[in-house]
Amino acid sequence: MASYILAIDQGTTSSRSIIFDETLGVTASDQREFTQHFPASGMVEHDAEDIWDSVVATARNAIGKAQIEPASIAGIGITNQRETTVVWDRKTGKPIHRAIVWQDRRTSGDCARLQKEGHEALVAAKTGLLLDPYFSATKIRWLLDHVEGARGKAESGDLLFGTIDCYLLWRLTDGACHRTDATNAARTLLYNIHDNCWDEELLALFDIPRAMLPTVEDCAFEFGFTAKELFGASIPVLGMAGDQHAATIGQACFAPGMVKSTYGTGCFMVLNTGTRAIRSENRLLTTIAYRLDGETTYALEGAIFIAGAAVQWLRDGLGIIKNAGETGPLADAADASQEVVLVPAFAGLGAPYWEPEVRGAIFGLTRNSGPAEFARAALEAVCYQTRDLVEAMRADWGRSDGDVTLRVDGGMVASDWTMQFLADILDAPIDRPTILETTAVGAAWLAGMKAGLYPGKDGFAEIWQLQRRFEPAMQEADRERKYANWQRAVQSAIAQQAPRA
Ligand SMILES: Nc1ncnc2c1ncn2[C@@H]1O[C@H](COP(=O)(O)OP(=O)(O)O)[C@@H](O)[C@H]1O
Ligand SMILES: O=P(O)(O)OC[C@H](O)CO
């Protein structure tokens, strides 16, 4: 009997494939990094072919390591870096350009123009998003306007658009299925999250032909079957969700008011708001948490572009650490009297500031500032940004201080130092689960639940287990002084670098 699930987690810097057994235990996994392309300041691209190769290689390796028959895999769940935009030729299957990654800022001028023309209110009302280069629509338009002949081909239906989930499905099914799920569609700026459809008015605003777009399905759905020669059996793709949505599911944040925060390259906090799509008054995003059996659950989301990427910068940019795990002990050894503050706006600032043109800044350096103070500042910055999001969420969700418990996951939560500082600066408990691969678990659950292998939401929620709770221990005065320093630093960075109106 088919009793395994393959989860494909296609992230910003690497692809992972994980085989889960019928109890949602990990049987085997494989991971592969791929090349990041930075063709100019503010531009980030991926080669879609590299992504495809990494996914196929890790999936085959995971199946090999698990020593299972491909036919014993009941289904595949795909989860992915969101917003990253691929446009490819329907006939040849070849992408017309490298994928434009979510972090890419090349369309900030287009977004500023659309804002100036007064379109943001309409866009926000329909999509829950803001006019920022982060999302797919202006990236698609850039490709149509800059790749020779692209617009004409798109208009005649010869080009297809997809986020990474959609592109992978299309390749996995050998071009048979051009589909995405509601969570990924909700990140394009083209999808009406209230009516659950592509929006003609938005398509006209961004000048994008309808013929390029995939059909949109629930997160648990029979999306298509893999070509037999890929893995040695034709396996159904049964689950699909953007990575932050899959993590929300993997953390079992099914009840309104539950919050998860994922610390990978960036940090993404998602608050389940149930069947209500709450309009943020604090520049958070409204998004689809998940859509199951045709019922949409909404969320408020705060997106921070640089979290673990600041640690990577310490390693690759400054060369002051060899691996990420060194940052905690270094931060511990930092001079307590120095208050070095890093504003890691390497790719602009996301929520709640939305300043695409601002770049990183560092404040409070002395002659004695060294690697330890830089490491501490990088880890602290992630926590200060989380507090910015929590403040905004508390205001939107109408909750008072002290009642938030955050479920955390992602590579960076391995750092005890960061988790303790996070609890301190938020003045709230932080819950770290036993399984940190919650994104993959969420994708696996979608597919396994659809296959009839895993229980429904309630049964799945019982599987979630706490590994450690971090309790706040910082004095109130210290907490508020430090946070005020951060707020001053961010405002200085914005004041000096954001373009004046
Ligand atoms: N012990 C640690 N301390 C601090 N940061 C860490 C630690 N371990 C991993 N990281 C950071 O976590 C990130 C990797 O997390 P991951 O969830 O794999 O990211 P992604 O899915 O975005 O590729 C990297 O940016 C890395 O620098
Ligand atoms: O690849 P990650 O984990 O950094 O997530 C990227 C996000 O989905 C971008 O919105």
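Residues numbered from 1 in each chain as written. Chains lettered and ligands numbered in written order. Predicted model: local features only at pLDDT ≥ 70, side-chain atom pairs only at ≥ 80, totals over all residues. Heavy atoms only, no water.

If you check an unreviewed UniProt entry, the protein chain appears there as Glycerol kinase from Pseudohoeflea coraliihabitans. You can read under Function (unreviewed entry) in the UniProt record for the protein chain the words "Key enzyme in the regulation of glycerol uptake and metabolism. Catalyzes the phosphorylation of glycerol to yield sn-glycerol 3-phosphate." Turning to the protein chain, the UniProt annotation filed under Sequence similarities (unreviewed entry) states: "Belongs to the FGGY kinase family." (UniProt positions renumbered as here; feature names shortened; annotations may be inferred.)

### Some points on the overall build of the protein chain
Counting secondary structure elements, the protein chain contains 17 helices and 23 strands. At 22 Å, the protein chain has a C-alpha radius of gyration in line with the 23 Å of a compact globule built from 501 residues. Along the longest, intermediate and shortest principal axes, the C-alpha atoms of the protein chain span 60 × 50 × 45 Å. Out of the 501 residues belonging to the protein chain, those deemed buried represent 63%. Here the contacts in the protein chain between residues at least 6 apart in sequence split such that 72% fall between residues at least 24 apart. Of the roughly 18,300 Å² of accessible surface on the protein chain, 48% is carried by carbon and sulfur atoms. (Helix = DSSP H or I, 4+ residues; strand = E, 2+ residues; numbered from the N terminus. Rg over C-alpha atoms; globule rule 2.2 N^0.38 Å. Buried < 20%, exposed > 50% of the residue type's maximum accessible area, 1.4 Å probe, protein only. Contact = heavy atoms within 4.5 Å. Areas by Shrake-Rupley, 256 points an atom, 1.4 Å probe, with all protein chains shown as cover.)

### Side note on the UniProt feature "domain: Carbohydrate kinase FGGY N-terminal" (unreviewed entry) in the protein chain
As recorded in UniProt, the sites labelled "domain: Carbohydrate kinase FGGY N-terminal" (unreviewed entry) are residues 4-250. Structurally, residues 4-250 comprises 34% helix and 26% strand, and the distance from its first C-alpha atom to its last is 17 Å.

### Some thoughts on the packing of helix H1 (residues 48-66) against helix H6 (residues 164-172)
One way to put it is that H1 packs onto H6 with a least axis distance of 11 Å and a crossing angle of 65°. H6 is crossed by H1, and the crossing has right-handed handedness. Mapping the contact onto sequence places Ala48, Glu49, Ile51, Trp52 and Val55 in H1 and Ile164, Tyr167, Leu168, Arg171 and Leu172 in H6. For the contact of H1 with H6, the per-class residue count stands at eight nonpolar, no polar and two charged. (Axes fitted to C-alpha atoms, helices over the stretch in contact; angles between N-to-C directions. Left-handed = near helix turned anticlockwise from the far one by under 90°. Nonpolar A, V, L, I, M, F, W, Y, C, P; charged D, E, K, R; others polar.)

### Some details on the UniProt feature "binding site: ATP" (unreviewed entry) in the protein chain
Taken from the UniProt record, the annotation "binding site: ATP" (unreviewed entry) applies to Thr12, Thr13, Ser14, Thr265, Gly308, Gln312 and Gly411. A maximum C-alpha distance of 13.7 Å is found for the annotated residues, which run over 400 residues; spatially they form one tight group. Relative to the elements of secondary structure, Ser14 occurs in strand S2 (residues 14-20). Dropping the residues within four chain positions of it, Ser14 is found in contact with Asp9, Gln31, Arg32, Glu33 and Phe34. The residue Thr265 is located in the loop between strand S15 (259-263) and strand S16 (267-274) in this model. Residue classification places Thr265 among the buried positions, given a relative accessible area of 15%. The contacts of Thr265, once residues within four sequence positions are left out, are Thr12, Thr13, Gln103, Phe305, Ile306, Ala307, Gly308 and Ala309.

### What to know about the site of ligand 2
Around ligand 2, a shell composed of Gly11, Thr12, Gln81, Arg82, Glu83, Trp102, Tyr134, Asp243, Gln244, Thr265, Gly266 and Phe268 is seen. Between an oxygen atom of ligand 2 and a side-chain N or O atom of Thr12, the distance comes to 2.4 Å. Surface burial for ligand 2 is 92%, taken as the share of its 310 Å² of free accessible area covered by protein chains. Classifying every residue of the shell around ligand 2 gives three nonpolar, six polar and three charged. (Near = heavy atom within 4 Å. Polar contact = N/O pair within 3.5 Å; in protein donor to acceptor, adjacent residues only side chain to side chain.)

### Focus: the sheet that holds S15
Judged by pairing direction, the sheet is mixed, and its seven strands sit side by side in the order S17-S18-S16-S15-S21-S22-S23 without closing on themselves. Each edge of the open sheet is held by one strand with a lone partner, namely strand S17 (285-292) and strand S23 (466-470). Neighbouring strand axes in the sheet, compared pairwise and without regard to direction, differ in orientation by 30° on average. Relative to S16, S15 is paired through five bridges, and the arrangement is antiparallel. (Pairing = 2+ DSSP bridges.)

### Observations regarding the pairing of strand S18 (residues 295-304)
The two faces of the sheet receive side chains in turn, since in a regular strand these alternate between them. Counting buried positions along S18 yields nine of ten residues, so the element is predominantly enclosed. Relative to S18, S17 is paired through seven bridges, and the arrangement is antiparallel. Counterpart to Thr287 in the pairing with S18 is Ala299. Hairpin connection, S17 to S18: the antiparallel pair is bridged by two residues, and Asp293 has positive phi, about 50°.

### Considerations on helix H14 (residues 416-426)
With nine of eleven residues buried, H14 is to be regarded as a mostly interior element. For H14, every residue scored as buried is listed here: Trp417, Thr418, Met419, Phe421, Leu422, Ala423, Asp424, Ile425 and Leu426. Positive phi shows up at Asp427, right after H14, with a value of about 55°.

### Regarding the packing of aromatic side chains
Counted by the stated rule, this structure contains 20 aromatic pairs. For the ring pair Trp102 and Phe305, a centre distance of 6.1 Å and an interplane angle of 55° mean the geometry is tilted. Highlighted residues: Trp102 in the loop between strand S7 (99-100) and helix H2 (108-116) and Phe305 in the loop between S18 and helix H11 (308-317), separated in sequence by 203 residues. Considered together, Trp102 and Phe305 belong to a single accessibility category, that of buried residues. When the centroid spacing of 5.4 Å and the interplanar angle of 5° are considered together, the rings of Trp417 and Phe421 count as stacked. In this pair, Trp417 and Phe421 are both assigned in helix H14, four residues apart and thus about one turn of the helix distant. (Phe/Tyr/Trp six-rings, centres within 6.5 Å; stacked < 30°, edge-to-face > 60°.)

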